[in-house]
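Here are the chains, one letter per residue:
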Amino acid sequence: MKGIVFTEFLELVEDKFGLEVVDKIIEQSDLSTGGAYTAVGTYEFAEMLSLLKHLSEHTQISIDDLLLVYAEHFFGVLVSSYPGLIDKYEDPIELLSSIEDHIHVEVRKIYPDAELPTFQQIEKTPTSLVLVYKSSRAMYNFGLGLMNKTFEHYNTKATILLEKIKPDGTEVKFSITID
């Protein structure tokens, strides 16, 4: 997993819960990196899981809810760091339908070894989109949070329904409809 995901996560934890909580979850997680990450480095996904688990235990907030909050933070990072990536699109449906063919292509140019989820487009209309998310990491709530912020960015209301295709969350269908 790319280091930017770790560095931004720890920044969010510090902003929301304080530096003491960052230190505590790093200590509890017994990380091979010691919690020292660079944005361009690559690290084990197990370290992120451990950090999430310990933050969830400390805050009594579910991992799914933490992923939603983190995705909202991360969307802001994407907009400020890579404005051309997002502002190229006129509306949220166009942006979300381009994840696989444009956004992930651009991400791989910056981070060639990034392990990204796939988003298969099943159907698309001007006001709806159905995507199937696939990832061994089962971080679909992170994807949901990014989608929520996408609609907010475009000042558009939408309903996003999730359906787990596989019970472990490694394959999830997102049915999106603009309200």
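Keep in mind it's a predicted model, so treat the numbers as computed, not measured. (Residues numbered from 1 in each chain as written. Predicted model: local features only at pLDDT ≥ 70, side-chain atom pairs only at ≥ 80, totals over all residues. Heavy atoms only, no water.)

Focus: the overall build of the protein
Then, in step 1: Within the protein, the secondary structure is distributed over eight helices and four strands.
Then, in step 2: Along the chain direction, N to C, the helices and strands of the protein fall in the order α-α-α-α-α-α-α-β-β-α-β-β.
Then, in step 3: Projected onto the principal axes, the alpha-carbon positions of the protein cover approximately 50 × 30 × 30 Å.
Then, in step 4: Looking at the protein alone, contacts between residues at least 24 apart form 60% of all its contacts between residues at least 6 apart.
Then, in step 5: In the structure as shown, the protein presents an accessible area of about 9200 Å², 52% of it carried by carbon and sulfur atoms.
Then, in step 6: Charged side chains of the protein number 15 positive and 29 negative; the gap between the two group centres comes to 5 Å. (Helix = DSSP H or I, 4+ residues; strand = E, 2+ residues; numbered from the N terminus. Contact = heavy atoms within 4.5 Å. Areas by Shrake-Rupley, 256 points an atom, 1.4 Å probe, with all protein chains shown as cover. Lys, Arg positive; Asp, Glu negative; His and termini not counted. Charge placed at Lys NZ, Arg CZ, Asp CG, Glu CD.)

Notes on helix α4 (residues 63-81)
An α-helix turns once every 3.6 residues. As a result, residues three or four positions apart point the same way.
Then, in step 1: Compared with an ideal rise of 1.5 Å per residue, which puts 19 residues at 27 Å, α4 spans 26 Å between its outermost C-alpha atoms and is within 8% of the ideal.
Then, in step 2: Leu66, Leu67, Leu68, Tyr70, Ala71, His73, Phe74, Phe75 and Val77 are the residues of α4 that are buried.
Then, in step 3: Contacts made by the buried residues of α4 are with α1 (3-17), α3 (45-59), α5 (83-87) and α8 (140-153). (Expected span 1.5 Å × (residues − 1). Buried < 20%, exposed > 50% of the residue type's maximum accessible area, 1.4 Å probe, protein only.)

As for empty space enclosed by the protein
Then, in step 1: This structure, assessed with the given rule, holds one cavity of 30 Å³ or more.
Then, in step 2: A volume near 740 Å³ is recorded for the largest cavity.
Then, in step 3: Around the largest cavity sit 32 residues that line it, and Phe74, His104, Leu116, Phe142 and Leu146 are the ones nearest its centre.
Then, in step 4: Elements with a minimum of two residues in the lining of the largest cavity: α1, α4, α5, α6 (92-97), α7 (99-110) and α8.
Then, in step 5: Each residue belonging to the lining of the largest cavity can be placed in one class, and the counts come to 25 nonpolar, four polar and three charged. (1 Å grid on protein atoms, 1.4 Å probe; cavity = no way out; pocket = protein on both sides within 12 Å on 5 of 7 lines; lining within 4 Å. Points joined across faces, edges and corners; volume = space filled by probe spheres on them. Nonpolar A, V, L, I, M, F, W, Y, C, P; charged D, E, K, R; others polar.)

Observations regarding unusual backbone geometry
Then, in step 1: Residues other than glycine seldom take positive phi values, yet Gln60 does so here, at roughly 65°.
Then, in step 2: Secondary-structure assignment places Gln60 in the loop between α3 and α4.
Then, in step 3: The backbone phi angle of Asn155 is positive, close to 50°, even though this residue is not glycine.

What to know about the environment of Ile63
Then, in step 1: Mapped onto the elements of the fold, Ile63 is located in helix α4.
Then, in step 2: A relative accessible area of 33% means that Ile63 is categorised as partly exposed.
Then, in step 3: Between the C-alpha atoms of Ile63 and Ala39, which are 24 residues apart in sequence, the distance is 22 Å.

A word on the pattern of salt bridges
Then, in step 1: The final tally for this structure, using the stated rule, is eight salt bridges.
Then, in step 2: With a shortest N-O distance of 3.0 Å, Lys109 and Glu106 are connected by a salt bridge. With a gap of three residues between them, Lys109 and Glu106 both fall in helix α7, about one helical turn apart.
Then, in step 3: The partner of Lys149 in a salt bridge is Glu152, and the shortest N-O contact between them spans 2.7 Å. Taken together, the residues Lys149 and Glu152, both in helix α8 and three residues apart, mark about one turn of the helix. (Salt bridge = Lys/Arg side-chain N within 4 Å of Asp/Glu carboxyl O.)

Digging into a negative patch on the surface
Then, in step 1: A surface patch of like charges, here negative, comprises Glu11, Glu14, Asp15, Glu20, Asp23 and Glu27.
Then, in step 2: Elements with a contribution of two residues or more to the negative patch: α1 and α2 (19-29). (Patch = residues over 30% accessible without salt bridge, like charges linked within 9 Å, V, L, I, M, F, W, Y side chains within 5 Å.)

Remarks on the pairing of strand β1 (residues 118-125)
Then, in step 1: Taken together, the seven bridges between β1 and strand β2 (residues 128-134) define a ladder with antiparallel strand orientation. Note that in β2 the partner of Glu123 across the bridge is Val130. (Pairing = 2+ DSSP bridges.)

Section: the packing of α4 against α8
Then, in step 1: The N-to-C vectors of α4 and α8 enclose an angle of 50°; their axes lie 7 Å apart at closest approach. Considered as vectors, α4 and α8 are oriented oblique to each other. As α4 packs across α8, the resulting crossing turns out to be right-handed. Every residue of α8 that contacts α4 at Asp64, Asp65, Leu67, Leu68, Tyr70, Ala71, Glu72, Phe74, Phe75, Leu78 and Val79 is listed here: Tyr140, Asn141, Phe142, Leu144, Gly145, Leu146, Asn148, Lys149, Thr150 and His153.
Then, in step 2: Residue classes in the contact of α4 with α8 are distributed as 12 nonpolar, five polar and four charged. (Axes fitted to C-alpha atoms, helices over the stretch in contact; angles between N-to-C directions. Parallel < 35°, antiparallel > 145°, perpendicular 65-115°, else oblique. Left-handed = near helix turned anticlockwise from the far one by under 90°.)

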